[in-house]
Amino acid sequence: MKGVILAAGIGKRLRPFTYFLPKPLLRLGDKPIIEHIIDWLRINDINEIIIITNSQGRIMEKIYQDFQGITFVYSKPLGTAGQLLAVKDKIKETFVIVYCDIITNFSLKKMVDFHIKSSSTFTIATLDLSFPIRYGVITSTKEGKVKRWDEKPKIKIKVNSGIYIAEPKIFDYINPNTISHMNELVTELLKNGLNVFSYNIEGEYYDVGTLQDYINICKLYDKKLGEI
């Protein structure tokens, strides 16, 4: 099975760092973000890895061109789904997709098993999050009769983690040469009656999406390194 790392964005939310380096090369602890992702994929027996990047990513290719099992393809910044068309001719079987700013340690093998047993076309790794509501929440009937008052409850939701298992047929539902995102792809798959499943993940999970996220996660990884 192949893994595809999506790294063709321009990293706007991590400027000014990404004016000089592509986001996947920003350091976390003892190695760049991209190496954390590569190591996680390999632990889960994904040894053929394709990294989709833009012209800024040529520096990544220079650094990792001798890493076994890693190839680079280039795409314009066409959105999270749009850039996938750059690997259409290289993917013929079930494959893994991961954003270039996601660090995790959950068991990908179990998610792959779930995907296959479910006959899924596209499986989304999800996280359970809960958010506190600042107010008292009133539940009432249509007539206005109060049934319950919950003071500052937490709302639980499932959110997209940026990790997916997919079948090659998804390429047929991505519009070429236009900016297209994963939510639009999922909408197209559902509209055409294809199976889309979610799979809840557990374990460490970090999203290095913004400058403040990066600073906070750097602190965590510095602690892991210990005293230097």
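Worth saying up front: this structure is predicted, and the values here are computed from it rather than measured.

Draft legend 1. Seen up close, the overall build of the chain. On a plain count of helices and strands, the chain comes out with six helices and 13 strands. Split into buried and exposed, the 228 residues of the chain put 44% on the buried side. Sequence separation of at least 24 residues holds for 73% of the intrachain contacts in the chain that already meet a minimum separation of 6. A total of about 13000 Å² of accessible surface is found on the chain, and carbon and sulfur atoms cover 53% of it. The positive charge centre, built from 31 side chains, and the negative charge centre, built from 25, are 5 Å apart in the chain.

Draft legend 2. Geometry of the packing of aromatic side chains. Applying the stated criterion across every chain yields a total of six aromatic pairs. With centroids separated by 5.4 Å and ring planes inclined at 50°, the aromatic side chains of Trp40 and Phe106 adopt a geometry described as tilted. Taken as a pair, Trp40 in helix H1 (residues 33-43) and Phe106 in the loop between strand S7 (102-104) and helix H4 (108-117) lie far apart in primary sequence, 66 residues in all. On the numbers, 5.0 Å between centres and 25° between planes, the contact of Phe122 with Tyr164 is stacked. Pair noted here: Phe122 is in strand S8 (residues 122-132) and Tyr164 is in strand S11 (residues 154-166), with a separation of 42 residues, a long-range link. For the residue pair Phe122 and Tyr164, the accessibility class agrees, reading buried in each case.

Draft legend 3. A look at the environment of Leu220. Along the chain, Leu220 turns up in helix H6 (residues 211-225). Exposure remark for Leu220: the relative accessible area of 36% places this residue in the partly exposed category. Placed 191 residues apart in sequence, Leu220 and Gly29 show a C-alpha to C-alpha distance of 8.3 Å.

Draft legend 4. Region of the structure containing unusual backbone geometry. Despite not being glycine, Asp45 has its phi angle at roughly 65°, a positive value. Mapping Asp45 onto the fold places it in the loop between H1 and strand S4 (48-53). Not every positive phi belongs to a glycine, and Lys152 is a case in point at roughly 45°. In this fold, Lys152 is placed in the loop between strand S10 (146-151) and S11.

Draft legend 5. Region of interest: H1. Within H1, the full set of buried residues consists of Ile33, Ile34, His36, Ile37, Ile38, Trp40 and Leu41. Immediately beyond the C-terminal end of H1, within one or two residues, lies Asp45, with a positive phi of roughly 65°.

Draft legend 6. Region of the structure containing the pairing of S11. Looking at chain direction, strand S6 (residues 95-99) and S11 are connected through four bridges and run antiparallel. Residue pairing for S11: Ile97 is matched across the bridge by Tyr164. Of the strand pairs in this sheet, S8 and S11 are connected by 10 bridges, and their pairing is antiparallel. Along S11, the bridge assignment pairs Ile124 with Tyr164.

Draft legend 7. Just the sheet that holds strand S1 (residues 2-7), in detail. Here we have seven strands laid out as an open sheet, ordered S5-S4-S1-S6-S11-S8-S12, and mixed in their pairing. At either margin of the open sheet sits one strand with a lone partner, and together these are strand S5 (70-74) and strand S12 (196-200). Adjacent strand axes in the sheet meet at a mean angle of 35° when their direction is disregarded. The pairing of S8 with S12 spans five bridges and is parallel. Residue pairing for S12: Ala125 is matched across the bridge by Tyr199. Strands S1, S6, S8, S11 and S12 of the sheet are contacted by helix H5 (residues 182-191), whose axis makes an angle of about 120° with S8.

Reading the values: rules and limits
- Every chain is numbered on its own, with residues counted from 1 as its sequence reads.
- For a predicted model such as this one, the threshold for reporting local features is a pLDDT of at least 70, and the threshold for listing and counting side-chain atom pairs is 80 or more; totals across whole chains, interfaces and linings nevertheless cover every residue.
- Computation of side-chain values: all heavy atoms of the structure, hydrogens and water removed.
- Think of it this way: any DSSP run of H or I at least four residues long counts as a helix, any run of E at least two long counts as a strand, and we number them from the N terminus.
- The buried label goes to any residue with under 20% of its type's maximum accessible area, the exposed label to any with over 50%, and the partly exposed label to all in between, with areas taken from a 1.4 Å probe on protein chains only.
- Here, two residues are considered to be in contact whenever any of their heavy atoms come within 4.5 Å of each other.
- For accessible areas, the Shrake-Rupley method is used with a probe of radius 1.4 Å. Any residue's cover is judged against the shown protein chains and nothing else.
- Under the counting rule used here, the positive set is Lys and Arg, the negative set is Asp and Glu, and His together with the chain ends is not counted.
- By convention, charge coordinates are those of NZ in Lys, CZ in Arg, CG in Asp, or CD in Glu.
- Centres within 6.5 Å make a pair out of two Phe, Tyr or Trp rings, where for Trp the six-membered ring is used; the pair is then stacked when the planes are under 30 degrees apart, edge-to-face when over 60, and tilted otherwise.
- Any two strands are treated as partners once DSSP identifies two or more bridges connecting them.
- In this analysis, axes come from line fits to C-alpha atoms, helices being fitted only over the stretch in contact, and the angle between any two N-to-C directions falls in the range 0 to 180 degrees.

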